[in-house]
Amino acid sequence: MRSPLRPLAGAGCAVALAVTGCSAEATSAPHTTASGTAAAPATSTDYAPYVSATEAAATDSAGSPAAYNLAFVISGGSGCTPEWNGTEAITGSAVTSRISALRKTGAGVRVSFGGASGKELAAVCDSVSELAAAYGRALDAAGSSEADFDIEGDELTNSASVGLRSRAIARLQEERPDLKVSFTLPVMPSGLDADGLALLESANTYDVQVSTVNLMTMNYGESYDGDMGGYAVTSATAAHAQLEKVFGLSDANAWRGMALTSMIGVNDVAGETFTLSDAAQVRAFAERKGVAWVSMWSAFRDRACEDGRSGQDDAATDCSGVSQTSGAFARRFSG
């Protein structure tokens, strides 16, 4: 997913996702009992949109989110310094005030590292300790115990940074046993690709305790047009079988260890327009299956474009490109 402040361009051990970890002494994830026995999956599906960490939008609180995914912490240039969008200090007063305002809605905040633009910290930090410290500083600045790693593009195929990231996250979880980790990965109607699966296997190898795998149900390619809600359901179903296998999960817990994120309105792939009807379809599917949370890219795009741009136009950074009332996608996703 793209930075909110940048224009859009056209087998190790099977860590049990949302159940237990590889080690016998691993802290149980949110959906387990203290003994590591799988608890019954919750019946509700949260709504947790991606929002800008630096700029407020009138639609941020539409749909009463349970949590906000704060986009994005990346490298501030070439060094191992975490910054919002690579330009804003993580402790800047405007950002801390922004996060405080989001919390006042009663929602939690999850720090999202990576995205499609700029340099993910694992690509520039030199060591496990340096990378873990950088992630930790960003989490502390936001006052969050939840980290989302949006890994796509070149970073997904970079085996060195994938391994470094896994080791750094594992170290961070040793220091912060309550840290919940999600990986946000691209998906196709056929499921996660080899690179996405390799990243999860790397997490297994280094004993990362993964709470959720968040599927980016978008950007399938120009041969996939039309029913974006149907493609999201097909993609989730294919990935569900993969998560069962990779993490050794039951049917129900594989669903509960999944999240779904769609790009609303006009996408930057020709032919992909995600409608309000698609959002309702994804929400209904997620509730039926017991998916952990649904999200969208993004809250600040959840409004009609002022100049009336429609489905045949390029994706915009600050509006959906479809006919809608402000906050309409949030209300569909929140049920």
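Here the structure is shown first, and the text comes after it.
In this report, we go over the structure that sits alongside the text. Owing to the predicted nature of the structure, the values given are computational and were not obtained by experimental measurement. Residue positions are given per chain, counting from 1 as you read along its sequence in written order. Predicted model: local features are reported for residues with pLDDT of at least 70 only, side-chain atom pairs are reported and counted for 80 or more only, and whole-chain, interface and lining totals are derived from all residues. Side-chain metrics in this entry use all non-hydrogen atoms of the structure; hydrogen atoms and water are not considered.

## Some points on the overall build of the protein chain
Here comes step 1: Labels follow the DSSP assignment, with helices taken as runs of H or I lasting at least four residues and strands as runs of E lasting at least two, numbered in each case from the N terminus. When its secondary structure is counted, the protein chain shows nine helices and 13 strands.
Here comes step 2: Buried means the residue's accessible area, taken with a 1.4 Å probe over protein chains only, is under 20% of the maximum for its type, while exposed means over 50%, and partly exposed covers the values in between. For the protein chain, buried positions account for 55% of its 335 residues.
Here comes step 3: A total accessible area of about 12,600 Å² is found for the protein chain, and carbon and sulfur atoms account for 48% of it. With residues, only the protein chains shown are counted as cover, and all accessible areas are computed by Shrake-Rupley using a 1.4 Å probe.

## Topic: the state of the cysteines
Here comes step 1: When two cysteine sulfur atoms lie within 2.5 Å, the pair is treated as a disulfide. Counted by the stated rule, this structure contains two disulfides.
Here comes step 2: What pairs with Cys 80 in a disulfide is Cys 125, and their sulfur atoms sit 1.9 Å apart. As the torsion about the S-S bond is roughly 85 degrees, the Cys 80-Cys 125 disulfide counts as right-handed. One end of the pair, Cys 80, is in the loop between β3 (67-75) and β4 (82-84); the other, Cys 125, is in the loop between β6 (108-114) and α2 (128-142), and 45 residues separate them in sequence. Per residue, the accessibility class of Cys 80 equals that of Cys 125, and both read buried.
Here comes step 3: A sulfur-sulfur distance of 2.0 Å marks the disulfide that ties Cys 305 to Cys 319. Its S-S torsion of about 90 degrees marks the bond between Cys 305 and Cys 319 as right-handed, since a negative value means left-handed. Pair noted here: Cys 305 is in the loop between β13 (293-297) and α9 (328-334) and Cys 319 is in the loop between β13 and α9, with a separation of 14 residues, a long-range link.

## A few points about the packing of helix α4 (residues 159-175) against helix α5 (residues 194-205)
Here comes step 1: Packing of α4 against α5 brings their axes to within 9 Å, and their N-to-C directions diverge by 40 degrees. As for how α4 packs across α5, the hand of that crossing is right-handed. Here Val 162, Gly 163, Arg 165 and Ser 166 of α4 lie close against α5, whose contacting residues are Leu 199, Ser 202 and Ala 203.
Here comes step 2: Amino acid classes used here: Ala, Val, Leu, Ile, Met, Phe, Trp, Tyr, Cys and Pro are nonpolar; Asp, Glu, Lys and Arg are charged; the rest, including Gly, are polar. When the residues that make up the contact of α4 with α5 are grouped by side-chain class, the tally is three nonpolar, three polar and one charged. Axes here mean lines fitted to C-alpha atoms, for a helix over just the part in contact, with angles spanning 0 to 180 degrees between N-to-C directions. Note: crossing handedness is left-handed where the near helix turns anticlockwise from the far helix by less than a right angle, and right-handed where it turns clockwise. The contact rule is simple, with two residues in contact once any of their heavy atoms fall within 4.5 Å.

## A word on α4
Here comes step 1: With 17 residues, α4 extends 25 Å from end C-alpha to end C-alpha; this agrees with the ideal 24 Å at 1.5 Å per step.
Here comes step 2: Turning to α4, its buried residues number three or more, namely Ser 161, Val 162, Gly 163, Leu 164, Arg 165, Ser 166, Ala 168, Ile 169, Ala 170, Leu 172 and Gln 173.
Here comes step 3: Where α4 is buried, its residues contact α2, β7 (146-150), α3 (154-157), β8 (180-186) and α5. Every helix has an expected span of 1.5 Å times one less than the residues it contains.

## Here's the deal with the packing of aromatic side chains
Here comes step 1: Note on aromatic contacts: the rings of Phe and Tyr and the six-membered ring of Trp form a pair at centre separations within 6.5 Å, being stacked when their planes are under 30 degrees apart, edge-to-face when over 60 apart, and tilted otherwise. Overall, the coordinates contain 14 aromatic pairs when judged by the stated rule.
Here comes step 2: Relative to Phe 183, the ring of Phe 149 lies with its centre 5.9 Å away and its plane at 40 degrees, an arrangement referred to as tilted. One end of the pair, Phe 149, is in strand β7; the other, Phe 183, is in strand β8, and 34 residues separate them in sequence. Phe 183 matches Phe 149 in its accessibility class, with the two residues each being buried.
Here comes step 3: One aromatic cluster is present, formed by Tyr 50, Phe 72, Trp 297 and Phe 300 through successive ring pairs.
Here comes step 4: Whether a charge lies above a ring is judged from NZ of Lys or CZ of Arg, which has to be within 6 Å of the ring centre and within 35 degrees of the ring normal. Over the ring of Trp 293 we find Arg 110, and its NZ or CZ is 4.3 Å from the ring centre.
Here comes step 5: The positively charged end of Arg 167 is found above the aromatic ring belonging to Tyr 206, 6.0 Å away from the centroid.

## Focus: unusual backbone geometry
Here comes step 1: Between Ala 71 and Phe 72 the backbone carries a cis peptide bond, its omega angle lying at -25 degrees.
Here comes step 2: Turning to its location among the elements, Phe 72 is positioned in strand β3.
Here comes step 3: The amide bond that connects Trp 297 to the next residue, Ser 298, takes the cis arrangement and shows omega of 5 degrees.
Here comes step 4: Following the sequence through the fold, Ser 298 ends up in the loop between β13 and α9.

## Thoughts on the pattern of salt bridges
Here comes step 1: Think of a salt bridge as a Lys or Arg side-chain nitrogen and an Asp or Glu carboxyl oxygen that are within 4 Å of each other. Counted according to the given criterion, the structure contains seven salt bridges.
Here comes step 2: Glu 120 is paired through a salt bridge with Arg 165; the nearest N and O atoms lie 3.2 Å apart. In this pair, Glu 120 sits in the loop between β6 and α2 while Arg 165 sits in helix α4, placing the two residues 45 residues apart along the sequence.
Here comes step 3: Residues Asp 140 and Arg 176 are paired through a salt bridge, measuring 2.8 Å at the closest nitrogen-oxygen approach.

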